[in-house]
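Structure at a glance
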Number of protein chains: 4
Amino acid sequence: MASNSFGNILKFSSFGESHGTAIGGVLDGFPAGIEIDYRFVEQQLKRRKPVPKQGGTERKEDDEVVWLSGLEDNKTTGAPIAFLIKNKNHRPADYDTLKNVYRPSHADYTWQEKYGIRDHKGGGRASARETAVRVVAGALARLLLQKHNIELLAGVSQIGNIKANKTINEFTGNDLQKSSYGFLDPHRDNELDQLINRLRKEGDTAGGVVSCIIRNAPAGLGEPVYHKLQAGLASAMMSINAVKGFEYGEGFNAASMFGSEHNDEFEKKNHEIRTKTNHSGGIQGGISNGEAIYFSVAFKPISSVHKSQQTVNTDKKPEKIAISGRHDVCVVPRAIPIVESMAALVIADFLLWSKTSSVS
Amino acid sequence: MASNSFGNILKFSSFGESHGTAIGGVLDGFPAGIEIDYRFVEQQLKRRKPVPKQGGTERKEDDEVVWLSGLEDNKTTGAPIAFLIKNKNHRPADYDTLKNVYRPSHADYTWQEKYGIRDHKGGGRASARETAVRVVAGALARLLLQKHNIELLAGVSQIGNIKANKTINEFTGNDLQKSSYGFLDPHRDNELDQLINRLRKEGDTAGGVVSCIIRNAPAGLGEPVYHKLQAGLASAMMSINAVKGFEYGEGFNAASMFGSEHNDEFEKKNHEIRTKTNHSGGIQGGISNGEAIYFSVAFKPISSVHKSQQTVNTDKKPEKIAISGRHDVCVVPRAIPIVESMAALVIADFLLWSKTSSVS
Amino acid sequence: MASNSFGNILKFSSFGESHGTAIGGVLDGFPAGIEIDYRFVEQQLKRRKPVPKQGGTERKEDDEVVWLSGLEDNKTTGAPIAFLIKNKNHRPADYDTLKNVYRPSHADYTWQEKYGIRDHKGGGRASARETAVRVVAGALARLLLQKHNIELLAGVSQIGNIKANKTINEFTGNDLQKSSYGFLDPHRDNELDQLINRLRKEGDTAGGVVSCIIRNAPAGLGEPVYHKLQAGLASAMMSINAVKGFEYGEGFNAASMFGSEHNDEFEKKNHEIRTKTNHSGGIQGGISNGEAIYFSVAFKPISSVHKSQQTVNTDKKPEKIAISGRHDVCVVPRAIPIVESMAALVIADFLLWSKTSSVS
Amino acid sequence: MASNSFGNILKFSSFGESHGTAIGGVLDGFPAGIEIDYRFVEQQLKRRKPVPKQGGTERKEDDEVVWLSGLEDNKTTGAPIAFLIKNKNHRPADYDTLKNVYRPSHADYTWQEKYGIRDHKGGGRASARETAVRVVAGALARLLLQKHNIELLAGVSQIGNIKANKTINEFTGNDLQKSSYGFLDPHRDNELDQLINRLRKEGDTAGGVVSCIIRNAPAGLGEPVYHKLQAGLASAMMSINAVKGFEYGEGFNAASMFGSEHNDEFEKKNHEIRTKTNHSGGIQGGISNGEAIYFSVAFKPISSVHKSQQTVNTDKKPEKIAISGRHDVCVVPRAIPIVESMAALVIADFLLWSKTSSVS
């Protein structure tokens, strides 16, 4: 139950502030004997980097992973895998103006209230920079899932008020590379470019939705009744910065469906019991049923807007603030690998947990 | 991390099947010295009972709580509070026809796959009957929250395709009693009656949305970064049967807002730092900011439809099934106290957890 | 981390006070498909009952287990197994004299200090009666261990100042039934009788030591570095009432041995790697090595002495107290099944945990 | 429940192998606002370094702590405190001879059996080098305890067969500096020197006992029934390399005492309820009573003996082994700060936990 730890059997702990020496993580409970594909880990990290066209800023974040423990001849040993990503971009002085003021809808005020002290530099621990270590841990989890042929794929289904007309269920890995936003309507990048450019000029930001699908997960993952698979996924997603909503299967749409519409009838296909439809999103009664697991995650627009806003300072005096510096217009495309990583950690955790359900 | 336990400091464990001897729960970590208001607990339980008009069935569930431990002179002692609700309505024979068939979108198949064995009688452990013990535990949590003047209120914001035009933020406790559905548009009960009656005739079911608000929670609840307050709430809600989605604050709507719209500016009000708006839903950076916390929970239509459906039996042979017996048309109104109870358990848990953040 | 829960994968929670309605427990994470041998459970419980000759008192404790959940056709289903033992021996009035006085070396004072309230009746939650539910849970764990051919055996190696000249390593199940004390020197019951009788006359009590051996546990149990197998066993044993010490392998004796004496040399026996000696007690580096695991547990004399003692009451005024009523002279023989049960729960828990160390 | 994590509210996770890049730790749940005394941390680490006279070897271990996170202006922020100690003494080549052979009574064989892979270099993760990070975390815990005036002191009560005639209860901090072994009989260093020198010549090693006392801990620490304070201490101590036994209060000696001897009578002293004697070791019913908490920990002789031993290699073939290189004759004096550190972590954890027992 540690605040900065996550998972049950496969436990991930993270540490570090955005402008400290380093951020890092420790993955404990990871099975022995898995070979680490360092290139794969780097690729995942790269997917999280800001892309100017997407509305990302050009700041350089050269994320190099320093592996500290848990490996022997590039294989996991069962010991905790610790790693660091050094912060090369310390510029704490940039943040002096933020020391005594609470940025609207940031974590400044709440952290100060909770702890009586805070690291004001770029959000400190509350910064989305922390998610880089989730991607490293998630990449390791994916290596484990690959041994079981489990695949994960996420894409952007909405940016601002532009919604994709396709769903993640229609996609495989390569399709999504056609859109530089990872958008599920690969031919609408122009429309998105216009939105992003307009917002950049206005000093404003946009939110969006990331959808994710997990294929080939075996039936039997999920621990009823309080650790249903969807509860694990929801908790993981809601722990990501800026996330405001989670739904799986038909999600909120299910509320207006009838039971006879929503139910997934069973049939036998290739000697296996399968469902004809998959409104359930691959989970029934909190346990995976072998069908594709899919879900969506809503992100609010990021709070760092260049537009002037009203706020108060630490002396409770009113103050105007216009956040300067380099900030993304829309982080949603960068959230794709984060959503995949957290999903991979959850699925790997429940996969290990499921091994304890039977005697043999 | 036990499958059937929930919470961090305040830990609730539940047990029991729908048609076994009893269901029950154990609440551990509950502070000593709280007086139990047994009438209040009973009232909460009553709110969960089926109401015919709401589309509930008339079966009698006389839920009497047997208190087993943890109390001395009606006060909590710090020892675990265990309680039972006996199952008076055993009719296992009713369920013999379900022994060898998988009901679509129920937990039958997945439990069988996971455990190699299942209790087929009325859903067994997977039955929504389990939620009765959550309401008892939640009522105790509310007694704790009352000591801190924290209030919880939930109502129905959607049934089928009928959506309320008001939000939970506009309501206080008594308002919601005007609608027999706990609907947030108290004058549309007729419309709802018609929907329910039509579905009952058709042998079909409806889903809906429950919205909940928590008022007067102090700033400082929530444990970053993996146990943000919204992660705790989401996990709790997704553990409730039939829930398909969770959102807080602006939720999925936030995805199409601009940062300048969504941000909550700070101001000083009565010597306190407050936000002018509350798009954030009372949580920033994973920690409560003292504003009202509000969220919504989507429920799918229940899977027990009287209409005929295609499925397979345990021999993987196709079979037609039309679920007979007494089943609700729409359980959403009954979910109100369950949502409130799970929310109360989460808030109480984080309240206790927050006590450990400082030295004194 | 709940106060009243124990274990990692296999989680046992207990509840109930000695003079309340019932005591009980919930075993969660127990694998599905294990057939319950109810007679075996009853036998284990019987071994915990007071035997007059052993210095136990004659009070009747008819411990009947009421099974509440988690079973289907006498087999475990993977759902939590809850059970009750009703307290037939309520005589709260007997304890009125203890309401306002702190018995020396009992839990009265510390519970009052911690919680500001306590159940004074027979120790309430702090009573050794709670250990009955541990025996039930332990019996279930043993049924699981039997599937893996793992055997547990405990015996008494010391009562008062009478120490056995044999060790538990020399015994198998039936041998120990020769002594009505379960003593490891089966021919010294007379000596023990005399000690017990003398102490009964004097209104005094004796402590002792229980030794336990676990045979056929596979290599690989134990989770370094903080959950070494010995750490799990020690924590379990120290949670038993009146326990003051734990040692495994050579234990405290190892402190005066030389490395060359204490080391267990490896050899090949029947195609397997085995140790020639077993000073290590079957655990090396926190992980079982396939040899017999053995340990000892020291019990203080119970605190309820009939002799007059000086104490203070709840008003901090001095008072004389001579504890009346039926109390054991020496509980150590009754602790045998408790030690075995806690050991069985630990081994079963680590067995399940060990399944998560590898990929396949 | 992660293998490499420890604690409940205050959670410490460690990572790293003896001959990898670095060892390190993450302390999560540490309260905000505590000023770090870096010199104090260094001093504690120094106490763990080998001292030739004590039978330690002269290898240089320059343990410099690199602080990575969780601090702002030298104060804790409530965020996880991560730190590294780099391994300057990589000499993996030294260990090539150990790659294919199992050293008797080391963790080589059991880790190989459990994980199918192991880091053979100097014990890898199983090395006592890991305890350095415990001392860093323990030093932080002590800074927290100092705010509550809680003091810890450990000393050596036995080396080989030489037992001190005094107990830790008779000592305060400065007394123990008189013996270069931290021995509780400060005038017997000559005797110890002779033993160590003899063993060094013989290529053998010695064990011993460390005793520890905690003063000024408030009444109320400890979480019955499965997380009694002594269970937490025992588990922590048994997780230290080479520990074979734990006892508190009268410990194993209590087994031969009578109840009337062992009971601690209550009296009123300076308006407070105190015990006249303290056989209980400051804990009754699993909860601290405000008296001094004291306990002892038995260490086996270390397994790396220069004498020739019989063993098998990884091909199960017999082989002779004589461990060369620099190894301590007796590590017990170096264990003093480790025992204190683990005790400090336990007490700090239970202190934080105890804050959640009441309403206000």
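Below is a short write-up of the structure. No experiment lies behind these values; they were computed from the predicted model shown. (Residues numbered from 1 in each chain as written. Chains lettered and ligands numbered in written order. Predicted model: local features only at pLDDT ≥ 70, side-chain atom pairs only at ≥ 80, totals over all residues. Heavy atoms only, no water.)

1. As for the overall build of chain A
A tally of helices and strands in chain A yields seven helices and 18 strands. Taking 2.2 N^0.38 as the reference for a compact globule, 360 residues should give roughly 21 Å; the C-alpha atoms of chain A span a radius of gyration of 21 Å, in line with that estimate. In terms of principal-axis extent, the alpha carbons of chain A reach across some 65 × 50 × 35 Å. Buried positions account for 69% of the 360 residues belonging to chain A. For chain A, contacts bridging at least 24 residues in sequence account for 69% of all contacts bridging at least 6. For chain A, the exposed surface amounts to about 11,800 Å²; the carbon and sulfur share of it is 45%. (Helix = DSSP H or I, 4+ residues; strand = E, 2+ residues; numbered from the N terminus. Rg over C-alpha atoms; globule rule 2.2 N^0.38 Å. Buried < 20%, exposed > 50% of the residue type's maximum accessible area, 1.4 Å probe, protein only. Contact = heavy atoms within 4.5 Å. Areas by Shrake-Rupley, 256 points an atom, 1.4 Å probe, with all protein chains shown as cover.)

2. Some points on the packing of aromatic side chains
This model, assessed by the stated rule, comprises 46 aromatic pairs over all chains. Aromatic side chains Tyr-226 of chain A and Phe-6 of chain B sit 5.6 Å apart centroid to centroid with 35 degrees between the ring planes, which places their arrangement in the tilted category. Remark: Phe-6 of chain B occurs in strand β1 (residues 5-6) and Tyr-226 of chain A occurs in the loop between β10 (208-215) and α5 (229-238); the pair is interchain, linking two chains. Grouping aromatic residues by their ring pairs yields a cluster made of Phe-6, Phe-12, Tyr-38, Trp-67 and Phe-83 of chain A together with Tyr-226 of chain B. For Lys-114 of chain C, the ring lying beneath its charged end belongs to Tyr-115 of chain C, and the centroid distance is 5.7 Å. (Phe/Tyr/Trp six-rings, centres within 6.5 Å; stacked < 30°, edge-to-face > 60°. Lys NZ or Arg CZ within 6 Å of the ring centre and 35° of its normal.)

3. Remarks on the sheet that holds strand β2 (residues 11-16) of chain C
Residues and elements named next belong to chain C. Taken together, the five strands give an open sheet; going across it, the order is β1-β2-β3-β7-β4, and neighbouring strands pair in antiparallel fashion. Sheet topology places β1 (5-6) and β4 (65-67) at the edges, where each strand pairs with a single neighbour. Bridge count between strand β3 (residues 22-28) and strand β7 (residues 81-86): six bridges; the pairing is antiparallel. Across the sheet, Leu-27 pairs through a bridge with Ile-81, a residue of β7. Against the sheet, helix α3 (residues 131-146) touches β2, β3, β4 and β7, its axis set at about 140 degrees to β7. (Pairing = 2+ DSSP bridges. Axes fitted to C-alpha atoms, helices over the stretch in contact; angles between N-to-C directions.)

4. What about the sheet that holds strand β2 (residues 11-15) of chain B?
Strand order in the open sheet formed by five strands is β1-β2-β3-β7-β4 (chain B), with antiparallel pairing between adjacent strands. Strand pairing shows two members of the sheet lacking a second neighbour, β1 and β4 (65-67) of chain B, which therefore form its edges.

5. A look at the relation of the copies chain A and chain B
Note on the copies: chain A fits chain B at an RMSD of 0.0 Å, the axial shift is 0.0 Å, and the rotation between them is 180 degrees. What the rotation and shift describe, once combined, is the action of a two-fold rotation axis. (Least-squares fit on C-alpha atoms with pLDDT ≥ 70 in both.)

6. Focus on the relation of the copies chain C and chain D
In screw terms, the move from chain C to chain D is a rotation of 180 degrees and a rise of 0.0 Å along the axis, fitting with an RMSD of 0.0 Å. Same-surface contact between copies: 99% of interface residues of chain C are shared with the interface of chain D.

7. Section: the pattern of salt bridges
Applying the stated rule across the entire model yields 76 salt bridges over all chains. When the shortest N-O distance is used, the salt bridge between Glu-191 of chain B and Arg-188 of chain B registers 3.0 Å. By relative accessible area, which is 36% here, Glu-191 of chain B ends up partly exposed. Judged by relative accessible area, Arg-188 of chain B falls into the buried class, the value being 18%. The salt bridge involving Glu-340 of chain D is made with Arg-47 of chain D; its shortest N-O contact spans 2.7 Å. Taken as a pair, Glu-340 of chain D in helix α7 (residues 332-354) and Arg-47 of chain D in helix α1 (residues 38-47) lie far apart in primary sequence, 293 residues in all. It is possible to trace a salt-bridge network through shared partners that takes in Arg-47, Arg-142 and Glu-340 of chain A. (Salt bridge = Lys/Arg side-chain N within 4 Å of Asp/Glu carboxyl O.)

8. What to know about the interface of chain A and chain B
Listed by partner, the interface residues are 108 residues for chain A and 107 residues for chain B. Between chain A and chain B, a total of about 8,400 Å² is buried, with carbon and sulfur atoms accounting for 60% of that surface. Per-residue buried area on chain A facing chain B is highest for Tyr-226, Lys-244 and Phe-266 of chain A; these three make up 11% of the total on that side. Joining chain A to chain B, the criterion identifies 49 residue pairs in polar contact (both at pLDDT 80 or more). Tallied by class, the residues present in the side of chain A that touches chain B amount to 43 nonpolar, 43 polar and 22 charged. Both strand β11 (residues 243-248) of chain A and strand β11 (residues 243-248) of chain B contribute to a ladder of three bridges, which runs antiparallel. Considered in β11 of chain B, the bridge of Gly-245 of chain A is made with Glu-247 of chain B. (Buried area = accessible area lost by both parts, 1.4 Å probe. Polar contact = N/O pair within 3.5 Å; in protein donor to acceptor, adjacent residues only side chain to side chain. Nonpolar A, V, L, I, M, F, W, Y, C, P; charged D, E, K, R; others polar.)

9. Focus on the environment of His-271 of chain D
All names here are of chain D. By the secondary structure assignment, His-271 is in the loop between β12 (266-269) and β13 (272-275). Residue class for His-271 comes out exposed when judged on its relative accessible area of 63%. Distance from His-271 to Pro-337, taken between C-alpha atoms, is 35 Å for residues 66 residues apart in sequence.

10. Describing the packing of α5 of chain A against helix α5 (residues 229-238) of chain B
Between α5 of chain A and α5 of chain B, whose axes approach to 8 Å, the crossing angle comes to 160 degrees. Regarding the angle of α5 of chain A to α5 of chain B, the classification is roughly antiparallel. The crossing of α5 of chain A and α5 of chain B is right-handed. The segment α5 of chain A lies against α5 of chain B, with Gln-230, Ala-231, Ala-234, Ser-235 and Met-238 of chain A engaging Gln-230, Ala-231, Ala-234, Ser-235 and Met-238 of chain B. Residue composition of the contact of α5 of chain A with α5 of chain B, grouped by class: six nonpolar, four polar and no charged. (Parallel < 35°, antiparallel > 145°, perpendicular 65-115°, else oblique. Left-handed = near helix turned anticlockwise from the far one by under 90°.)

11. Quick word on the side chain of Ser-357 of chain A
If you trace the backbone, Ser-357 of chain A turns up in the segment after α7 (332-354). Within the local environment of Ser-357 of chain A, its side chain forms a polar contact with the backbone oxygen of Ser-354 of chain A, the two atoms lying 3.1 Å apart. Residue contacts for Ser-357 of chain A: discarding those within four places in its chain leaves Glu-223 of chain A, Lys-114 and Tyr-115 of chain B together with Pro-31 and Ala-32 of chain C.

12. A closer look at the pairing of strand β12 (residues 266-269) of chain A
All names here are of chain A. In this sheet, strand β13 (residues 272-275) lies alongside β12 in antiparallel orientation, the contact comprising four bridges. What sits directly across from Lys-268, in β13, is Ile-273. Taking the residues between adjacent antiparallel strands as the criterion, β12 and β13 are bridged by two residues, where Asn-270 takes a positive phi near 50 degrees.

13. Here we look at the interface of chain C and chain D
In this assembly, 108 residues from chain C lie in contact with 108 residues from chain D. The tally of links between chain C and chain D comes to two salt bridges. A salt bridge links Glu-223 of chain D to Lys-114 of chain C; the shortest N-O distance between them is 2.9 Å. For the side of chain C that touches chain D, the class distribution of residues is 43 nonpolar, 43 polar and 22 charged.

14. Some points on helix α1 (residues 38-47) of chain B
All names here are of chain B. When α1 is considered as a whole, its buried residues turn out to be Phe-40, Val-41, Gln-44 and Leu-45. Down the axis of α1, the smallest arc covering the buried residues is 140 degrees, so these residues share one side. Summarising the geometry of α1, the exposed residues directed more than 90 degrees from the buried face are Arg-39 and Lys-46. For α1, the side-chain oxygen to backbone nitrogen distance between the N-cap and Arg-39 is 3.2 Å, and the N-cap itself is Asp-37. (Arc of directions from axis to C-beta.)

15. So, the packing of helix α3 (residues 131-146) of chain B against helix α7 (residues 332-354) of chain B
The geometry of a pair of packed helices is captured by two quantities: the angle between their axes and the separation between those axes. All names here are of chain B. The interhelical angle for the contact between α3 and α7, taken along N-to-C directions, is 50 degrees, at an axis separation of 7 Å. When the axes of α3 and α7 are compared, the pair comes out oblique. Judged by the sense of rotation from one axis to the other, the crossing of α3 with α7 is left-handed. From α3, Thr-131, Arg-134, Val-135, Ala-137, Gly-138, Ala-141, Arg-142, Leu-144 and Leu-145 reach across to α7, where they touch Pro-337, Ile-338, Glu-340, Ser-341, Met-342, Ala-344, Leu-345, Ile-347, Ala-348 and Leu-351. Of the residues belonging to the contact of α3 with α7, the class tally is 13 nonpolar, three polar and three charged.

16. As for the side chain of His-227 of chain A
Along the chain, the position of His-227 of chain A falls in the loop between β10 and α5. Looking at His-227 of chain A, its side chain comes within polar contact range of the main-chain oxygen of Ser-5 of chain B, at 3.1 Å. Once you skip the residues sitting within four places of it in the chain, His-227 of chain A turns out to touch Gly-222, Phe-350 and Trp-353 of chain A together with Met-1, Ala-2, Ser-3 and Ser-5 of chain B.

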